[in-house]
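# Examining the three-dimensional arrangement
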Amino acid sequence: MTATEPHIPAAASRPTQAPLDAAAFRAAGHALIDWIADYRETIHERAVAHLPEPGAIRAMLPARAPEFGEPIARILGDLDSVVMKGIVHWQHPGWFAYFPANSSYESILGELASAGLGVQGMLWSTSPACTEVETHVLDWLVHAMGLPARFLSTGAGGGALQDTASSAALVAIVAARERATRFASDAHGLAAGGRAVCCYTSDQAHSSIEKAARIAGIGREFVRLIPVDGQGRMRVDLLAAEVERDRALGHLPAFVSATVGTTGVNAIDSVPEIAEICRAHDLWLHVDAAMSGTAALCDEFRFVNAGAEHADSWCFNPHKWMPVNFDCDVLWVADRAALVRALSVLPEYLRNAATESGKVIDYRDWQVPLGRRFRALKLWFVLRSFGLEGLRALVRSHVSMARTLAERVRAHPSLELVVEPCLNLVAIAHKGGDESTQRLIDAANRDGRFFVSHCRFHGRLVLRVSIGALATTPAHVEAFTEHLLAEAARA
Ligand SMILES: *Cc1c(COP(=O)(O)O)cnc(C)c1O
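The shown structure was predicted, so the numbers you read here are calculated from the model rather than taken from an experiment.

So, on to the site of the ligand. Lining the immediate surroundings of the ligand are Thr164, Ala165, Ser166, His206, Ser208, Gly261, Thr263, Asp288, Ala290, Asn317, His319 and Lys320. The side chain of asparagine 317 places a nitrogen or oxygen atom 3.0 Å from an oxygen atom of the ligand. The separation between an oxygen atom of the ligand and a polar side-chain atom of lysine 320 is 2.9 Å. Computed on the free molecule, the ligand has an accessible area of 380 Å², of which 90% lies beneath the protein chains in the complex. Looking at the shell around the ligand residue by residue, the class counts come to two nonpolar, eight polar and two charged.

In structure tokens:
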């Protein structure tokens, strides 16, 4: 239906479409899989991010939901005629904006299997495999990424999948707040103790840290955003000074979030030095490695793990650089009892023998919602189908493409690297200043073959090239580099 075509209500006599039976589901499912594969095979022919006029997609939709069921074939047809008119192609090989949000065929299959099973995994007993596959796969990842043994479920710690790094930060802050107030805020809320709980992160940290702190009842004023050095790393001397100052004022410093791979320029905080301050002041240390954590699969990039052995919690998003489709964040904690105590509420209707036995994990106590889906399946499918070597090869190829681009930028007379790139993100500025950089960003995105985004770093406009889409090959980055360097001369 087009914008100009009025919605005609269906006549009451029209037969209602019966819900799909198994045979119809098979046919439609096969057609949808074909549609997805066709999309992926031809995605490079599309403009990465061509935006319609605001409201254009809604204008194609009828004003009210249909009274009578429509044939599934027509609904699938509208994926092309409606949905595709407003899709930004995050899986495109020229996707260099924001961060990679990879969705591999393997993870799509895992996602489909999860929907097909349709189980709830809030308790071990509501679907034991949902809990045990997750616990086991997250233990696999501790080994695969060379993370400290304290995060293994076989000790006092363990991992749980969250929807996002934002949720991981929220539950970590709540646990930190409870630990700092000796669980007084658990019983008495924010009235407990009368001391302001303080959180610390760098001014380059992701906005989700501040948001989590605000949701946890810690006012924006008590989220201390610590300045960074020239490479974007938290100034640890200023962190120490701020913690001392808060103590002197009678506040209660509780939580530090170190960033491994800042959103702007992919800076890596010095976690070992931050950890020393956390130890001295008994602060919860959270590490946000949302995008860059995946690099720990490769020995040569294990610098991202520095200091992890001191972290109370550590999270990364397989839904970014690892090819697991959104949503999938891994949160590990060193002391699961602290997290569970902060989040557990046990109503009568959830009591069961397995929980009482103490032999099982009930993941409802590790997250904000009660219900949870079988999110581990897609991670399990990806880890098994790619194998660790397959995943390492992917990470290495992206880092190598980023390095090649960085060297060309370094050698160009009008461009400069804003920070020394350490992994898959290249932060570039035009020496002519912000206006030239803006012209370069516009030019990079102009013909629809590529899409880059921007940030500000120490006040300066930066063109970010984030390399990590599954479909991106060295040839794509080479073509982008030629395009960028040619435009740089004009900007
Ligand atoms: C992307 C990102 C986040 C937010 O991720 P969500 O999973 O969308 O909440 C947080 N921190 C960093 C460093 C990120 O790169």
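Another point: the side chain of threonine 355. Structurally, threonine 355 can be placed in helix 12 (residues 353–357). Classification of threonine 355 as buried rests on a relative accessible area of 19%. Apart from residues no more than four positions distant in its own chain, threonine 355 is found in contact with Leu123, Val360 and Asp362.

With respect to the helices and strands, valine 304 occurs in the loop between strand 6 (284–288) and strand 7 (313–316). When its relative accessible area of 1% is taken as the criterion, valine 304 is described as buried. In contact with valine 304, other than residues within four places in its own chain, are Val260, Ile268, Ser292, Gly293, Ala295, Ala296, Trp314 and Leu423.

Put simply, the largest pocket is a space of about 720 Å³. Mapped onto the lining of the largest pocket, the elements with two or more residues apiece are helix 1 (22–42), helix 3 (72–81) and helix 4 (105–117). Counting residues per element, the lining of the largest pocket draws most heavily on helix 1, which supplies eleven residues.

On the surface, Leu20, Phe25, Ile72 and Ile75 cluster together into a nonpolar patch covering about 360 Å² of accessible area. Its place among the elements puts isoleucine 75 in helix 3.

Oppositely charged side chains can form a pair if their charged atoms are brought close together. Tallied over the full model, the rule gives 33 salt bridges. Measuring nitrogen to oxygen at the nearest pair gives 3.1 Å for the salt bridge that ties aspartate 312 to arginine 179. A residue pair is termed long-range when its members are at least 10 positions apart, and aspartate 312 in the loop between strand 6 and strand 7 and arginine 179 in helix 6 (residues 165–180) qualify at 133 residues. For aspartate 312, a relative accessible area of 14% corresponds to the buried category. Of the charged contacts in the structure, one is a salt bridge between arginine 373 and aspartate 327, with a shortest N-O distance of 2.6 Å.

Across the sheet, five strands lie side by side as 1-11-12-10-9; this open sheet has mixed pairing. Looking at which strands have only one partner, the edges of the open sheet turn out to be strand 1 (95–96) and strand 9 (415–417). The strands touched by helix 15 (residues 474–490) are strand 1, strand 9, strand 10 (425–430), strand 11 (451–457) and strand 12 (460–466); relative to strand 9, the strand with the most contacts, the crossing angle is about 125 degrees.

Moving on: the pairing of strand 10. Extensive coverage of strand 10 is indicated by the burial of six of its six residues. Residues Leu425, Ala427 and Ala429 point to one face of strand 10 and Val426, Ile428 and His430 to the other, with burial holding for every one of them. Both strand 9 and strand 10 contribute to a ladder of three bridges, which runs antiparallel. Bridge pairing in strand 10 places leucine 417 opposite isoleucine 428. Pairing of strand 10 with strand 12 involves four bridges; the strand directions are antiparallel. Paired with valine 426 across the two strands is valine 465, which belongs to strand 12.

Criteria and thresholds
- Residues numbered from 1 in each chain as written.
- Predicted model: local features only at pLDDT ≥ 70, side-chain atom pairs only at ≥ 80, totals over all residues.
- Heavy atoms only, no water.
- Near = heavy atom within 4 Å.
- Polar contact = N/O pair within 3.5 Å; in protein donor to acceptor, adjacent residues only side chain to side chain.
- Areas by Shrake-Rupley, 256 points an atom, 1.4 Å probe, with all protein chains shown as cover.
- Nonpolar A, V, L, I, M, F, W, Y, C, P; charged D, E, K, R; others polar.
- Helix = DSSP H or I, 4+ residues; strand = E, 2+ residues; numbered from the N terminus.
- Buried < 20%, exposed > 50% of the residue type's maximum accessible area, 1.4 Å probe, protein only.
- Contact = heavy atoms within 4.5 Å.
- 1 Å grid on protein atoms, 1.4 Å probe; cavity = no way out; pocket = protein on both sides within 12 Å on 5 of 7 lines; lining within 4 Å.
- Points joined across faces, edges and corners; volume = space filled by probe spheres on them.
- Patch = residues over 30% accessible without salt bridge, like charges linked within 9 Å, V, L, I, M, F, W, Y side chains within 5 Å.
- Salt bridge = Lys/Arg side-chain N within 4 Å of Asp/Glu carboxyl O.
- Pairing = 2+ DSSP bridges.
- Axes fitted to C-alpha atoms, helices over the stretch in contact; angles between N-to-C directions.

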